Each structure stands twice: as structure tokens, then as C-alpha cells.
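Structural characterization, general
Here is how the chains run, residue by residue.
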Amino acid sequence: MLNGQCGLVLGVANDQSIAYAVAKRLKTAGAEVLATCLNEKAMTYVEPVVTPLSIPVVTCDVEQPGALQSAIQSTLARFGRLDFVVHSIAFAPLEDLHAPLHASSREGFLRAMDISCHSFARVAHLAAPHMQSGGTLVTMTYLGSRLAIPDYGLMGPVKAALESSVRYLASELGAQQVRVHAVSPGPIATRAASGIKHFDQLMAQVKARVPLKRLVSQDEVAGLVAFLVSDQATGMTGQTLYVDAGEHCVR
Ligand code: NAD
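Basis of the calculations
Residues numbered from 1 in each chain as written. Predicted model: local features only at pLDDT ≥ 70, side-chain atom pairs only at ≥ 80, totals over all residues. Heavy atoms only, no water. Pairing = 2+ DSSP bridges. Helix = DSSP H or I, 4+ residues; strand = E, 2+ residues; numbered from the N terminus. Axes fitted to C-alpha atoms, helices over the stretch in contact; angles between N-to-C directions. Contact = heavy atoms within 4.5 Å. Buried < 20%, exposed > 50% of the residue type's maximum accessible area, 1.4 Å probe, protein only. Polar contact = N/O pair within 3.5 Å; in protein donor to acceptor, adjacent residues only side chain to side chain. Expected span 1.5 Å × (residues − 1). Near = heavy atom within 4 Å. Areas by Shrake-Rupley, 256 points an atom, 1.4 Å probe, with all protein chains shown as cover. 1 Å grid on protein atoms, 1.4 Å probe; cavity = no way out; pocket = protein on both sides within 12 Å on 5 of 7 lines; lining within 4 Å. Sits in = over half its atoms within 2 Å of the grid points. Nonpolar A, V, L, I, M, F, W, Y, C, P; charged D, E, K, R; others polar. Salt bridge = Lys/Arg side-chain N within 4 Å of Asp/Glu carboxyl O.

Taken in spatial order, the 7 strands of this open sheet run S3-S2-S1-S4-S5-S6-S7, and their pairing is parallel. On the outer flanks of this sheet lie strand S3 (57–59) and strand S7 (240–243), each paired with one strand and no other. Averaged over all pairs of adjacent strands, the angle between their axes in this sheet comes to 20°, without regard to strand direction. Two strands pair when backbone bridges link them, and strand S2 (residues 32–37) and S3 are joined in this way by 3 bridges, in the parallel orientation. Its bridge partner being in S3, Ala-35 is matched across the sheet by Val-57. Helix H2 (residues 40–50) contacts S2 and S3 of the sheet and is inclined by roughly 170° relative to S3. Contacts from helix H3 (residues 67–79) reach strand S1 (6–10), S2 and S3 within the one sheet, and its direction differs from that of S2 by about 155°.

Below is the structure:
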């Protein structure tokens, strides 16, 4: 389905990461994929899980000047083209994530916004000029963007800004056939999710409430990303698409 496509998947921390499942699915579907992890320490966990899939990995900390540019250049150097970038990264300082929004620090809020939201705009700025025959940019969001989910705190407004950015980027880049989407998974036990207070409770409550009466898997998220990147989805842009067992449509 993705033969001939080449791209970058940002944000593998381990084999539970949504980015890991996405990289694996895109590769299995025929794409060439370069993955990133945060730093050399993360590399010791990530390299052993992506190498057997023939997925090369480089470090990319979006707070470091030039890091995103370097990851995109590495993709172009290896594969000679860039068709997609999947942005699957988020961060908030724990003390701010564990505080109510009104008590979050200015510095913590700005840092969360920079890493989790503005970095996606930077991805678009750096990637789009290389997408000569169009391409796809995908980021990961959460329902806490539009509903006040307990313990999601400052990440709610950050994800709201991310989803709005998707609409603006889709509008700005559409003329060159660069399509931009946010994928919104339901709760999944990952490293990032483990930083959210009472996450086990949230998963249990969601499971009981959602139409499908179960949680979703990383693979189900990856399946949607593969579809969005494929030629099956060339008529779509600017959307927030839910893979959440129906959570977004019930109270
Ligand atoms: P994860 O911990 O596996 O991935 C988060 C990634 O963000 C890690 O690889 C981490 O290194 C990276 N990251 C943090 N700071 C960074 C920085 N400065 N530069 C570059 N990378 C940085 O967790 P995940 O659940 O797979 O998260 C991936 C995305 O999915 C996030 O945007 C998250 O908000 C979103 N999401 C997760 C869930 C869930 O329940 N797990 C639900 C909805 C959305």
C-alpha cells in the first residue's frame, strides 16, 4: 500500500510507544521509515527494538536547535525523498502536569506548548519544501483538547492548540498537496501516559463507558496513520480523527 513512500516517525521511546507501532506498520506496508528517539540514553532501548524491523533510528530532541532539521536531512540522505512525517511526541514537566491548570507554571506551560505543539509547526515548515509531489503530516492528540478530562491539566489546552494548528497548517500547505491531520487515540498504557495521575482509573472508566467496551491498541492507531499516509486518503486534510472505541461520542 505504501510502496515507494519514504518518511520520518518522531517519538519512539520503547516498544510500547505509539510511534513504534506506527513505524512498524508503515514499514510493513512497504514504506521506508526513519525513526527518532530523544537522546543517546533512549537509543539504548530503542535501537534493539527497531533494528530487527530494518528501521534506522537517529536522536532528535526538539528543544535542541537544528535537531528537527537534522532528522529531516537524515531522512532525505537515506531515502532521497520525503513523503510523510509522523509527530508522536509530547512533554510537560511532571510538577505542572500534576497541578491543576490554574496552578501550572508559566515556564512549564510554555515548555509543554513548545515541545508538544509548536514543534509540529516547525516540522511542517521544514518538511513541506521537500514534499515536491505532496505528502502527509500527522500528529497525535487527545480528547482532553475539547473536554476537561480529570488530571489532564495543562495538556488539554496544549492539545487544543495542536488541533487548531493542524487546521491552519492544512490550509497553508494544501495548495502543494501536503495534507495535515491529528489522530486522537483513546487511553493507552505508554511511558508518556504513565506520567498522568490516576491513569489506571481513567482507563478502567473509559473501558466501561465507551461504545466498544474496550480500550484501543497502538496497532489500531497505526492502522489509521497508514491509511492517512496512503493514496486512499488523498482527498482528506485538516481533520482530527478519533481511534478511541467511540469515547468522543458518549458522555
Ligand atoms: P511515549 O512516551 O512512548 O512517546 C512520547 C515521546 O515523546 C517519547 O518518545 C519521548 O521521548 C518524546 N519526547 C518528549 N520530549 C521530547 C523532546 N523534547 N524532543 C523529542 N521528543 C520528545 O508515549 P505515547 O503515548 O506513545 O505518546 C505519543 C503521542 O501520543 C503523544 O503526543 C501523546 O500525547 C499522544 N497520545 C497518547 C495517548 C495515550 O494514552 N498513550 C492518548 C492520546 C494521545
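Below, the discussion takes up the side chain of Ser-104. Tracing the backbone shows Ser-104 in the loop between helix H4 (94–97) and helix H5 (106–127). Among the residues examined, Ser-104 registers a relative accessible area of 17% and is labelled buried. A distance of 2.8 Å separates a polar side-chain atom of Ser-104 from the backbone oxygen of Leu-101. Once you skip the residues sitting within four places of it in the chain, Ser-104 turns out to touch Asp-96, Ala-99, Phe-109 and Leu-154.

For H3, built from 13 residues, the straight-helix expectation of 18 Å at 1.5 Å per residue is met to within 8% by its first-to-last C-alpha distance of 18 Å. Within the sequence span of H3, burial applies to Ala-67, Leu-68, Ala-71, Ile-72, Thr-75, Leu-76 and Phe-79. The inward-facing, buried residues of H3 abut S1, S2 and H5. Phi for Gly-80, located one or two positions after H3, is positive at around 80°.

Mapped onto the elements, Phe-227 comes out in helix H8 (residues 218–229). When the C-alpha atoms of Phe-227 and Met-1 are compared, they prove to be 8.8 Å apart, with 226 residues separating the residues in sequence. Apart from residues lying up to four places away in sequence, Phe-227 is in contact with Met-1, Gln-232, Ala-233 and Met-236.

The next point concerns the site of the ligand. Not every one of the 28 residues close to the ligand is listed here, only the nearest: Gly-11, Ser-17, Thr-141, Ile-188 and Thr-190. Ala-192 has a polar backbone atom sitting 2.9 Å from an oxygen atom of the ligand. Within the complex, the protein chains bury 92% of what would otherwise be the 820 Å² of accessible surface of the ligand. Here the ligand occupies the largest pocket. Within the shell around the ligand, the residues separate by chemical class into 18 nonpolar, 6 polar and 4 charged.

Right, let's get into unusual backbone geometry. Of note in the backbone geometry, Ser-54 takes a positive phi value of approximately 60° without being a glycine. Structurally, Ser-54 can be placed in the loop between H2 and S3. For Ser-54, a relative accessible area of 51% corresponds to the exposed category. Despite not being glycine, Asp-151 has its phi angle at roughly 70°, a positive value.

So, about the pattern of salt bridges. Evaluated as defined, the whole model comprises 6 salt bridges. Notably, a salt bridge pairs Glu-32 with Lys-27, separated by 3.3 Å at the nearest N-O pair. The partly exposed category is assigned to Glu-32, whose relative accessible area is 32%. Residue Glu-247 is joined to Arg-209 by a salt bridge in which the shortest nitrogen-to-oxygen separation is 3.1 Å. With Glu-247 in the segment after S7 and Arg-209 in helix H7 (residues 199–209), this pair connects stretches of sequence that are 38 residues apart.

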